[in-house]
Amino acid sequence: ENSTSLLRDEKGQVVGFCGLVTDITKRKRLQAQIRESRSRFEALFENANELITTDPNGYIRRINKKIESVSGYTRKELVGRSILLIAHPDDTDLFIEFWKQILEDRTPRFELRAVAKDGRTEYLLASGAAVKKSGRIVEIQYNVQIITDLKNAQRTIEDLSNHLNSIFQKLGVNNRTE
């Protein structure tokens, strides 16, 4: 990197120039490393399972493409809004308790229900952690797995088990399907 400036005498005539040359090889390498690290981080964030980040007050900062796909909301619709926007009305207190535990520097795992934009309920297994800078929480990261299919399968198994038990009871057979 270089810079030059003209030197002039009292009459304003150019009498020379002054220049400065700086070797910026290290800076360029560091900038390239930062770009590469950022690119890797972005790819990791976008390709992770379901990932949301909020500020310490629970306002959404980022979501990845999986959250967009599952929730039906665009990034523009969610960023800046409270995470409670997606909370199932009956699980609002659970969302708040989950958030409080993260603020207490714990790493909770909760089963929560979220409501997609189209009104569909999704079951989530959520974990979270606080990101700190100089001892202050600057961000909260929520990692969730959609477990709706698993919950539906569990209900189907329970329904079948109850149905079989009722059949056995009607037949007078002592059966324990626990």
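Quick notes on the rules
Residues numbered from 1 in each chain as written. Predicted model: local features only at pLDDT ≥ 70, side-chain atom pairs only at ≥ 80, totals over all residues. Heavy atoms only, no water. Helix = DSSP H or I, 4+ residues; strand = E, 2+ residues; numbered from the N terminus. Expected span 1.5 Å × (residues − 1). Buried < 20%, exposed > 50% of the residue type's maximum accessible area, 1.4 Å probe, protein only. Pairing = 2+ DSSP bridges. Phe/Tyr/Trp six-rings, centres within 6.5 Å; stacked < 30°, edge-to-face > 60°.

**Student:** So what about helix H5 (residues 148-171)? Which residues, and what values?
**Tutor:** Compared with an ideal rise of 1.5 Å per residue, which puts 24 residues at 34 Å, H5 spans 35 Å between its outermost C-alpha atoms and is within 8% of the ideal. Taken residue by residue, H5 has Thr148, Lys151 and Ser161 as its buried positions. Of the residues one or two after H5, Gly172 is the one with positive phi, at around 80°.

**Student:** Provide a residue-level description of the pairing of strand E1 (residues 2-8), including the pertinent values.
**Tutor:** Little of E1 sits out of view: just 0 of its 7 residues are buried. Relative to strand E2 (residues 14-21), E1 runs antiparallel, the two being bridged by 7 bridges. Looking at the pairing, Arg8 lines up with Val14 of E2. In this antiparallel pair of consecutive strands, E1 and E2, the connection spans 5 residues, and Gly12 shows a positive phi of 90°.

**Student:** Residue-level account of unusual backbone geometry, with values.
**Tutor:** The phi angle at Asp105 is positive, at roughly 70°, despite the residue not being glycine. For Asp105, the position within the fold is in the loop between helix H4 (92-103) and strand E5 (109-115). Backbone geometry places Ser134, a non-glycine residue, at a positive phi of 55°. Relative to the elements of secondary structure, Ser134 occurs in the loop between strand E6 (121-133) and strand E7 (136-146). Residue Ser134 is classed as exposed on the basis of its relative accessible area, which comes to 79%.

**Student:** I'd like to hear about the packing of aromatic side chains, residue by residue, with values.
**Tutor:** Using the criterion set out here, one finds 2 aromatic pairs in the structure. With 5.3 Å between their ring centres and 70° between their planes, Phe98 and Phe110 make a pair best called edge-to-face. With Phe98 in helix H4 and Phe110 in strand E5, this pair connects stretches of sequence that are 12 residues apart. Exposure remark for Phe98: the relative accessible area of 2% places this residue in the buried category. You can call Phe110 buried: its relative accessible area is 13%. Between Phe98 and Tyr142, the ring centres sit 5.9 Å apart and the planes meet at 35°, which makes this aromatic pair tilted. Here Tyr142 lies in strand E7 and Phe98 lies in helix H4, a separation of 44 residues in the sequence. An identical accessibility class is assigned to Phe98 and Tyr142; each is buried. Aromatic rings pair up to connect Phe98, Phe110 and Tyr142 into one cluster.

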